[in-house]
Amino acid sequence: ETAVFQTPNYHVTQVGNEVSFNCKQTLGHDTMYWYKQDSKKLLKIMFSYNNKQLIVNETVPRRFSPQSSDKAHLNLRIKSVEPEDSAVYLCASSPNGQNYAEQFFGPGTRLTVL
Amino acid sequence: AQKVTQTQTSISVMEKTTVTMDCVYETQDSSYFLFWYKQTASGEIVFLIRQDSYKKENATVGHYSLNFQKPKSSIGLIITATQIEDSAVYFCAMREGRNYAQGLTFGLGTRVSVFP
């Protein structure tokens, strides 16, 4: 099966803790993304990662950092979570060099910060 | 800066009818790509259809079609012969053509409810 996979599905944690979410795609794509979907359903790009080039949305706080071991994996680490980080985090991928190509999304990781 | 606006928060329709959703966008780029995605109740986000800015013809895929009005910076989605399973939140999104690694800019979505 080729798709975008994310773990865990849900995560509940306390303020100040560190969390890490995993994303793997088996579509053979070269570009991966992290999006945040807030409680109002707004989807906002956080990071794009392509051939070790990282594009960061300037509004993303520094406690967020993407981590990639290879082009099929892009994890997201949050160093010290805050209540406003509660959201659904969605990973996506798209083929390299095709700026018209759609992005394929994973099922998301729902983070709740208490 | 890019911006995508969907003004309709929710729409209710009867099954087998046609529903139309609006989307307007802002960009400084002469080349851009417009997408429609659907988010189901389970949270799954599915790509539906795309319009390239340089194409004059409206894109059509299955029972989805677009109404692209470039002078108005508008890209409406039309779903014909709606089915119960079309009930979802529909997102309009845009990417400028300069950088293929650029993420999508999304609108706030329109919730469509299809009733029997």
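Here the residue numbers are simple positions, counted from 1 along each chain's written sequence. Here chains are named by letter from A upward and ligands by number from 1 upward, in the order in which they appear as written. It should be noted that, the model being predicted, local features are given only for residues of pLDDT at least 70 and side-chain atom pairs only at 80 or more, the latter also being counted only at that level, while totals for whole chains, interfaces and linings use all residues. Side-chain numbers come from the whole structure's heavy atoms, not from hydrogens or water.

### Some details on the overall build of chain A
Helix and strand assignments come from DSSP, with helices taken as H or I runs of at least 4 residues and strands as E runs of at least 2, each series counted from the N terminus. Regarding its fold elements, chain A presents 0 helices and 11 strands. What you see in chain A, going N to C, is helices and strands ordered as β-β-β-β-β-β-β-β-β-β-β. Radius of gyration here is computed from C-alpha atoms only, and the compact-globule reference equals 2.2 Å multiplied by the residue count raised to the power 0.38. Taking 2.2 N^0.38 as the reference for a compact globule, 114 residues should give roughly 13 Å; the C-alpha atoms of chain A span a radius of gyration of 13 Å, in line with that estimate. Principal-axis analysis of the C-alpha atoms gives chain A an extent of 40 × 30 × 30 Å. Burial classes: relative accessible area under 20% of the type maximum marks a residue as buried, over 50% as exposed, and values in between as partly exposed (1.4 Å probe, protein chains only). Across the 114 residues of chain A, 46% fall into the buried class. Contact definition: two residues touch when any of their heavy atoms are within 4.5 Å. In chain A, 56% of the contacts between residues at least 6 apart in sequence involve partners at least 24 apart.

### With respect to the interface of chain B and chain A
Counting residues at the interface gives 21 residues for chain B, matched by 22 residues for chain A. In this assembly, chain B packs against chain A so that about 1900 Å² is buried in total across both faces, 56% of it on carbon and sulfur atoms. Polar contact is the term for a pair of N or O atoms within 3.5 Å; when the atoms are in protein, one must be able to donate a hydrogen and the other to accept it, and sequence-neighboring residues count only if both atoms are side-chain atoms. Between chain B and chain A we count 4 residue pairs in polar contact (both at pLDDT 80 or more) in total. Looking at the side of chain B that touches chain A, its residues break down into 11 nonpolar, 6 polar and 4 charged. Here the quantity called buried area is the accessible surface, traced with a 1.4 Å probe, that two parts lose on coming together, added over both. Note that Gly is not counted as nonpolar here; it falls among the polar residues with everything else outside the nonpolar set of Ala, Val, Leu, Ile, Met, Phe, Trp, Tyr, Cys and Pro and the charged set of Asp, Glu, Lys and Arg.

### Some words on the packing of aromatic side chains
Residues and elements named next belong to chain B. When the centres of two rings from Phe, Tyr and Trp lie within 6.5 Å, Trp using its six-membered ring, the rings pair. Their planes under 30 degrees apart give stacked, over 60 give edge-to-face, and anything left gives tilted. One pass over the full model with this rule turns up 13 aromatic pairs over all chains. Both rings, one in Phe35 and one in Tyr37, keep their centres 6.4 Å apart while their planes meet at 35°; by these two values the pair is tilted. This pair shows no difference in class: Phe35 is buried, exactly as Tyr37 is. Centre to centre, the rings of Tyr37 and Phe106 are 5.9 Å apart; their planes meet at 55°, and the pair counts as tilted. Of this pair, Tyr37 sits in strand S5 (residues 32-39) while Phe106 sits in strand S11 (residues 105-106); the two residues are 69 residues apart in sequence, bridging distant segments of the chain. Summarising the burial analysis for this pair, Tyr37 and Phe106 share the class buried.

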